[in-house]
Structure formats: structure tokens, C-alpha cells
Amino acid sequence: MRLQHSQSRSCAALPACSCSICSPGFELGFSSTNPNALVCWEAQFGDFANTAQCITDQFICSGQAKWMRQSGIVLLLPHGYEGMGPEHSSARLERFLQLCGDDADYFPPLGHTFGIQQLNECNWIVAQCTTPANFFHALRRQIQLPFRKPLVLMTPKSLLRHPDARSSFDDMVDGSHFMRVIPEGGAAADAPAAVRRHILCSGKIYYDLIKERNKRQLDDKIAITRIEQLSPFPFDLIATAVTKYPHADLVWCQEEHKNMGAWTYVRPRIVTSVHGGQRVRYVGRGPSAATATGNKYLHVTEMQLIFDNALAYDGVPEHTANVVL
């Protein structure tokens, strides 16, 4: 290790460690003893974080409950289905959501401290940002909070180069903040009574959906809402977003398989948000043992079926994209 000092600041250059069990443990300890430091650990691919499961299970997600030790460590896990095969597609979002210690059936009391109260009571934060500004605010919030909570971020891959995944500097100046939910901002939002389908989603698939929606000229018929912070779940904002479109059926769309991703976590919480007043349907890949296919043609075919089902607002009988070669 080599230290370089510049005035009152010090910079530590640490050798990289490719061990996915050793390095998260080291960063966890560093974050616990240095609560004012923004400590991040990034996996080369989110898939490779599976060997660090004992660290996340035994220490990061439950450290405060077990030993009253807070940590603000940030786990950066590249996640997204881009036809790269089963070992380079999924950070296993469902595993991190399963470890969240919140109640799916409990709608917390509304108030001006709703968001911060949720953060104070949770064991960690799970988010999937779709804009540079929200990514910036998620990291900034880690230091600005008066307490420390671990942050699990499903980070982008192709979105790093996506022309639409950009933010104005106005979204990062004084007065801006992290957006737990990004509502529809296009033609559908201007005429909510005419909307026939309301899609809830999270992550990269949002950009795929808006591209297909535009291609099919359905911008005024289908609204798309992004959930940026999955846990703690934004009950208040989802209730507001769903209420805005009274004549639309409600759909959760994801690129992961049905037994993976956020579906099993968000489904009961969406129902709680609307007090059981509306059914939410699933659109995505069917159940699978493997996280993704290694066949590029099959990947493209599965995605096309997802788009067809998600944007068929008149209703389709089947809402899973199962493909057999």
C-alpha cells in the first residue's frame, strides 16, 4: 500500500483484490470504522457477487440487527439482460430483496418524513437507477443521511453508452434530490384518462419499452413508471402513480425470469399501495433454473415476446415469455 498526502487530505492506493469474498469483507470493515467515507465495492459483473453471499447474509444485511453496528457500504453490481449468457446477466436482485426486513402488508403512516422514516427503519437500501442524476443522488444521500445504511445498487452496463440515459445538470444542483419513483412524463401523463395500460418497471428495460412504445405509436395509450428504489418500497408514490390512470390496467414488466428479479417482492407491495383495489399482472420471462439463455437468437426472441405482451393493452392470455427452440 502506498500513501500520498496532499495538504490535509490523504489518498490510499490499495492493490485490487479479485476475491469476491475477501474484498467485500474488507470494505465492510473499512466503512464501519470510517462512517464519513463513501466506501464502494464493485463486482466485475453482478453475477460474480454470489461467492460473497456469506458476507452479505451474515454481516451486511443484518449487522445492525445483530450487533447494533451501522455501515454505509455501497455494493455496485452490474445487472442487465443483454444476451451475454447466464454468467454475465443477473446480479440476483431477488436475493437482495428477499433479505429486506420490511412488511409487504404494512402501509406506513403518510407524512412529510415518510421517506426518511422508511430509511431509518430498514436494514438496507436496494435501488436500480436509470439516470445519471439519480445515481449521483443515491451516492450523495449515503453521506448526507444522519445515519448509515448499506446500499445495494444494480448498476448499468449498456446504459453507460445509451444515448437516452442522460441527465441535465439542473437535476444535480441545489434543490434536486433522489427520486424513489420516476413517473411518466410524456403524452400519457398529459391525458391520463385516455391511458389503457400502466406499466411499472425498474432498470434498463424502461428504455427498451419506451423505444418499442414509440415505434408502435402508443405514447398516449400506455404509461410507464420507473421504480428506482425498490426497498424500502415507495408505497406513497406508487399509490399516487396508480391513482392517476383510473382506466388503465396495471402491469409489472421485467426482463428477468418470473422466479427472479423484483416480481415476487413488488407484487404484494403494489397491492398494499392500492389497498387491494387493483390487480397487477406480470409480463416477463417464464420461470427458469438458469438466469439467462446463452443463445443470442433466443434472447432476442424472448425480448420481443415481452414487448408484445407488455404493449398489448387490450389484454393477452399469457404474460410470460417462454420460448422453446
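Residues numbered from 1 in each chain as written. Predicted model: local features only at pLDDT ≥ 70, side-chain atom pairs only at ≥ 80, totals over all residues. Heavy atoms only, no water.

Asks: I would appreciate a short explanation of the side chain of Lys-149 in the present structure.
Replies: For Lys-149, the location among the structural elements is in the loop between helix 6 (132-144) and strand 6 (151-155). With no salt bridge to any partner, buried Lys-149 finds its closest opposite charge in Glu-121, at an N-O distance of 9.2 Å. Here Gln-64 takes part through its side chain, which lies 2.9 Å from a polar atom of the side chain of Lys-149. In contact with Lys-149, not counting residues within four places along its chain, are Gln-64, Ser-71, Gly-72, Ile-73, Leu-119, Asn-120, Cys-122, Asn-123, Ile-125 and Gln-142. (Helix = DSSP H or I, 4+ residues; strand = E, 2+ residues; numbered from the N terminus. Buried < 20%, exposed > 50% of the residue type's maximum accessible area, 1.4 Å probe, protein only. Lys, Arg positive; Asp, Glu negative; His and termini not counted. Salt bridge = Lys/Arg side-chain N within 4 Å of Asp/Glu carboxyl O. Polar contact = N/O pair within 3.5 Å; in protein donor to acceptor, adjacent residues only side chain to side chain. Contact = heavy atoms within 4.5 Å.)

Asks: What am I meant to see in the sheet that holds strand 3 (residues 40-42) here?
Replies: Two orientations exist for strands paired in a sheet by backbone hydrogen bonds: parallel and antiparallel. Taken in spatial order, the five strands line up as 3-4-6-5-10 in an open sheet, and their pairing is mixed. With partners counted over all chains shown, the strands left at the sheet margins are strand 3 and strand 10 (229-231), one partner each. This sheet shows a mean twist of 25° between the axes of neighbouring strands, independent of strand direction. Here strand 5 (residues 125-127) pairs with strand 6 via three bridges, running parallel. If you follow Val-126 over to strand 6, its bridge partner there is Val-152. Against the sheet, helix 6 makes contact with strand 4 (74-78), strand 5, strand 6 and strand 10, and its axis sits at roughly 165° relative to strand 6, the strand it touches most. (Pairing = 2+ DSSP bridges. Axes fitted to C-alpha atoms, helices over the stretch in contact; angles between N-to-C directions.)

Asks: I'm lost on the packing of aromatic side chains in this one. Help?
Replies: The geometry of an aromatic ring pair is captured by the separation of the ring centres together with the interplanar angle, meaning the angle of the planes. For the structure on display, the rule yields eight aromatic pairs. Residues Phe-26 and Phe-30 carry aromatic rings whose centres are separated by 6.2 Å and whose planes lie at 40° to one another, so their mutual orientation is tilted. Placement of the pair is Phe-26 and Phe-30 together in helix 1 (residues 22-33), with a separation of four residues, close to one helical turn. Overall, the relative accessible area of 36% leaves Phe-30 in the partly exposed class. Taken together, a centroid distance of 5.2 Å and an interplanar angle of 75° make the contact between Tyr-206 and Tyr-207 edge-to-face. For the pair Tyr-206 and Tyr-207, one class covers both residues: buried. One aromatic cluster in this structure is built from Phe-107, Phe-114, Phe-233 and Phe-235. The ring of Tyr-206 carries the charged tip of Arg-226 above its face, separated from the ring centre by 3.8 Å. (Phe/Tyr/Trp six-rings, centres within 6.5 Å; stacked < 30°, edge-to-face > 60°. Lys NZ or Arg CZ within 6 Å of the ring centre and 35° of its normal.)

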